[in-house]
Every structure is written in C-alpha cells, then in structure tokens.
Amino acid sequence: MSERPITRAGHIAYGRNRFCGADVFDELAAQVVTPGDLLARALGARALDEDDRELLRCAALALTSPDPRVWPLKLTRVLASYGNVFAGFYGAQLASATQKMGPNSGTGAAQALAWLLDQIRDDDDDEAFARKLDSYLAQVGRIGGFGVPFRDEDERQVALTRLLEHHPITRRRPWQMHLRMARVMRAAHGLQVNVVLPLVAIALDLGIAPRRAGLWMSLTMAHTFAAHAVEALDHDAPFLRELPVASIDYRGRAPRQSPAAAAATARGSARAG
C-alpha cells in the first residue's frame, strides 16, 4: 500500500492556517514584511532580511519589460480583448514553459551557474574556467542568460548591476561567479550577457533551487502581464479581434456573386422598375 502524500505547502485548520511549515496568523504575521517574503518561502528560499528584500525589489524592476510588441505580452492583449482578464493574464504566461526564451530560460542558466559554483575553485584561472565551462556546454548545448538581440548590451542587465553596485551580494560567490562566467563567455564565444544571468545569481543567493529559478522569474514579472491584461480588457476589444475596414487595402479579385444572389438582385431590380 502506498504511503499517504505529505505536504508542507499549506493546511486550513479553522483559524490555525499553516503555510510552508509555519502558522499564518501568528508566526508568519510577525515575520512577513512584503508579499515577496511569502513568495520566497513558497519557493524554498531562506527567511528574508532587508538586504534580501532589496534584491527582490531590484529583480522586479529589472524584469519590468512591458512593451506590447514582445509577443507574449501581445498575446496577453489579444486574449484579454475577448472579454476575460484571466484568460489574458494567465493564458499568455503558458508560453513561459519553454526554456528557449522568457523567464524559464532562467532555469537552465541557474543550473549552469550552480554547476560552476560546485566545480570551480576560487584559484582557478580563466583558462581552467573556460575548459570546465566548455565541458558543461558540450553536455547541455546551450545556456540561458546570453545573447542580446538588436543592441550592443542589455539595458536591464546594465541597470540591475548599477542598482546593486553597493549591495552585499556583489561580494558573495553566486554574484562573483556570474561575473566570471559572463567574462569567459564573452572572450571565448563572443556572447554578451543578458539580464537573466544576474537574476539567477540573485535566486541562488536567496537559496532558491536552480530548478525553481524560472518560476521565480515568472512570478516576479507578473505585474507586466497584469498591466496589459487589464488595459486590453478595457480598450482593445474592437481592434485586436478584427482589422478596421479603413485599414484594409484589398488588391485581389472582386467579390464573386453567386447565381442565386445574381437572380435575387435581378428580381429586385425588376420589381423596383
């Protein structure tokens, strides 16, 4: 006989609700400062202090890329324009399941960074670092966190680095390792780092497991989907579902009239005459 499933995620007990191993209205009420504390607990991070909350704040700012020309956000607007804000908000985020783009690219990047943290010694030079990194690339083929299309640098990565310039994380191993990784990948493969790599350094520093890094990024950027979903629900209904006639320049054959329609038109003309 199989064992009963065990959960620490949550339990309702008539006023003694528990979440991730703690009493909600007594223990957590005394510890939680922002909703980010609860999110961190849900993903297995350590208990947060003020420095950690600053990391979450800066990560949320770096993940604020709200342009509707980005296709997941465009999809948010199209779905919401049909009249259901939940379809717009949640439906488009299903695209995050892939690791090729979007927040779930952080999962592979976090796994790579965690592997390097385990394999690289502080006294390894860049040549030894590059050899170990290449051996990892030979296994996985591609690492998220690199590549900046259509511009020389990722402005989000630049801004995040600036925001955290004096933060204690910059002296800790995950952050230092991501900087080395960025430098070696640029020198060896000509690849420019994007915002994903410093973000997963933050996730690992907070104690979030690499396999959960993509979900953490997705939840942290949910406000961008919410903004487009609510705006599209209110304003986009007539436009995103159907092109206005004035926007169409049709250059094909003239519409064909069926024999039945032609006969009906003739009969109508005869009666009018």
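The structure displayed is predicted, hence computed values, not measured ones.

Calculation notes
Position numbers for residues count from 1 along each chain, tracking the sequence in the order it is written. With the structure being a predicted model, the display of local features is reserved for residues of pLDDT at least 70 and the display and counting of side-chain atom pairs for 80 or more, all residues being used for whole-chain, interface and lining totals. Hydrogens and water molecules were not included; the side-chain quantities draw on all heavy atoms of the structure. Per the convention used, a helix needs a DSSP run of H or I reaching at least four residues, while a strand needs a run of E reaching at least two, with both numbered from the N terminus. The globule rule is 2.2 Å times the number of residues to the power 0.38, and the radius of gyration it is compared with is taken over C-alpha atoms. A 1.4 Å probe rolled over the protein chains alone gives each residue an accessible area, and that area as a share of the maximum for its type sets the label: buried under 20%, exposed over 50%, partly exposed in between. Whether two residues are in contact is decided by their heavy atoms, any of which lying within 4.5 Å being enough. Values of accessible area rely on a 1.4 Å probe in the Shrake-Rupley scheme; residue burial ignores everything except the protein chains shown. A residue counts as positive if it is Lys or Arg and as negative if it is Asp or Glu; His and the chain ends are not included. By convention, the charge on Lys lies at NZ, on Arg at CZ, on Asp at CG and on Glu at CD. Lines are fitted to the C-alpha atoms to define the axes, a helix being fitted only along its stretch in contact, and any angle between axes, read from their N-to-C directions, falls within 0 to 180 degrees. We call two directions roughly parallel when the angle between them is under 35 degrees, roughly antiparallel when it is over 145, roughly perpendicular when it lies between 65 and 115, and oblique otherwise. Each helix crossing is assigned a hand: it is left-handed if the near helix lies turned anticlockwise from the far helix by less than a right angle, otherwise right-handed if that turn is clockwise. Under the scheme applied, nonpolar residues are Ala, Val, Leu, Ile, Met, Phe, Trp, Tyr, Cys and Pro; charged residues are Asp, Glu, Lys and Arg; polar residues are all the others, including Gly. In short, DSSP must find at least two bridges between two strands for them to pair. The working definition used for a salt bridge is a side-chain nitrogen of Lys or Arg within 4 Å of a carboxyl oxygen of Asp or Glu. Grouping buried Ala, Val, Leu, Ile, Met, Phe, Trp, Tyr and Cys residues that are joined through side-chain atoms within 4.5 Å yields what is termed a nonpolar core. A pair of Phe, Tyr and Trp rings is counted when the ring centres sit within 6.5 Å of each other, with Trp represented by its six-membered ring. The angle between the planes then sorts it: under 30 degrees is stacked, over 60 is edge-to-face, the rest tilted.

1. Some points on the overall build of the chain
Counting its secondary structure elements, the chain contains 14 helices and three strands. Its C-alpha atoms give the chain a radius of gyration of 26 Å, more than 25% over the compact-globule value 19 Å for 273 residues. Across its three principal axes, the chain shows a C-alpha extent of roughly 100 × 60 × 50 Å. Burial statistics for the chain: of 273 residues in total, 37% are counted as buried. Pairs at least 24 apart in sequence give 67% of the contacts found in the chain among residues at least 6 apart. Summed over its atoms, the accessible surface of the chain is roughly 16600 Å², and 57% of this surface lies on carbon and sulfur atoms. Averaged over its 33 positive side-chain charges, the chain has a centre that lies 9 Å from the centre of its 30 negative ones.

2. Considering the packing of helix H3 (residues 50–62) against helix H8 (residues 155–163)
Pairs of packed helices are described in terms of their axes, by the angle between the two and the distance that separates them. For the pair H3 and H8, interaxial distance at closest approach is 9 Å and the crossing angle is 160 degrees. Relative to H8, H3 is oriented roughly antiparallel. When you trace H3 past H8, the crossing you get is right-handed. Contacts between H3 and H8 pair Cys-58, Ala-59, Leu-61 and Ala-62 from the former with Arg-156, Leu-160 and Leu-163 from the latter. Along the lines of polarity and charge, the residues of the contact of H3 with H8 split into six nonpolar, no polar and one charged.

3. Observations concerning unusual backbone geometry
Phi at Cys-20 is positive, roughly 50 degrees, even though this residue is not glycine. Residue placement: Cys-20 occurs in the loop between strand E2 (18–19) and strand E3 (22–23). The backbone of Phe-150 sits at a positive phi, close to 70 degrees, despite the residue not being glycine. Judged by relative accessible area, Phe-150 falls into the exposed class, the value being 88%.

4. Focus: the sheet that holds E2
Spatially, the three strands line up as an open sheet ordered E1-E2-E3, and their pairing is antiparallel. The strands lining the two open edges of the sheet, one partner per strand, are strand E1 (10–11) and E3.

5. So, the pattern of salt bridges
Scanning all chains against the criterion turns up 22 salt bridges. Note that Asp-23 is salt-bridged to Arg-16, the shortest N-O span being 3.4 Å. Here Asp-205 ties to Arg-172 by a salt bridge, and the two come within 2.8 Å at their closest N and O atoms. In this pair, Asp-205 sits in helix H10 (residues 196–205) while Arg-172 sits in the loop between H8 and helix H9 (173–189), placing the two residues 33 residues apart along the sequence.

6. Quick word on the nonpolar core
Ranked by internal contacts, the top residues of the largest apolar core, which has 57 residues, are Leu-133, Met-181, Leu-199, Val-200, Ile-202 and Trp-216. Secondary structure elements with two or more residues in this core: H3, helix H4 (71–80), helix H6 (105–119), helix H7 (126–140), H9, H10, helix H11 (213–220) and helix H12 (222–235). Per-element tally for this core: the top contributor is H10, with eight residues. Excluding anything up to four places from it in sequence, Leu-133 contacts Leu-116, Ile-143, Met-181, Val-184 and Met-185.

7. Points about the packing of aromatic side chains
A full pass over the atoms with the stated rule returns three aromatic pairs. Taking 6.3 Å as the distance between ring centres and 5 degrees as the angle between the ring planes, the aromatic pair formed by Phe-86 and Tyr-90 counts as stacked. Remark: Tyr-90 and Phe-86 occur in helix H5 (residues 85–91); sequence separation between them is four residues, near one turn of the helix. When sorted by exposure, Phe-86 lands in the same class as Tyr-90, which is exposed. With a centroid separation of 4.7 Å and an interplanar angle of 80 degrees, the aromatic rings of Phe-89 and Tyr-90 are classed as edge-to-face. What makes Phe-89 buried here is its relative accessible area of 16%. For Tyr-90, a relative accessible area of 52% translates into the label exposed. An aromatic cluster is defined as three or more aromatic residues linked by ring pairs; in this entry it consists of Phe-86, Phe-89 and Tyr-90.

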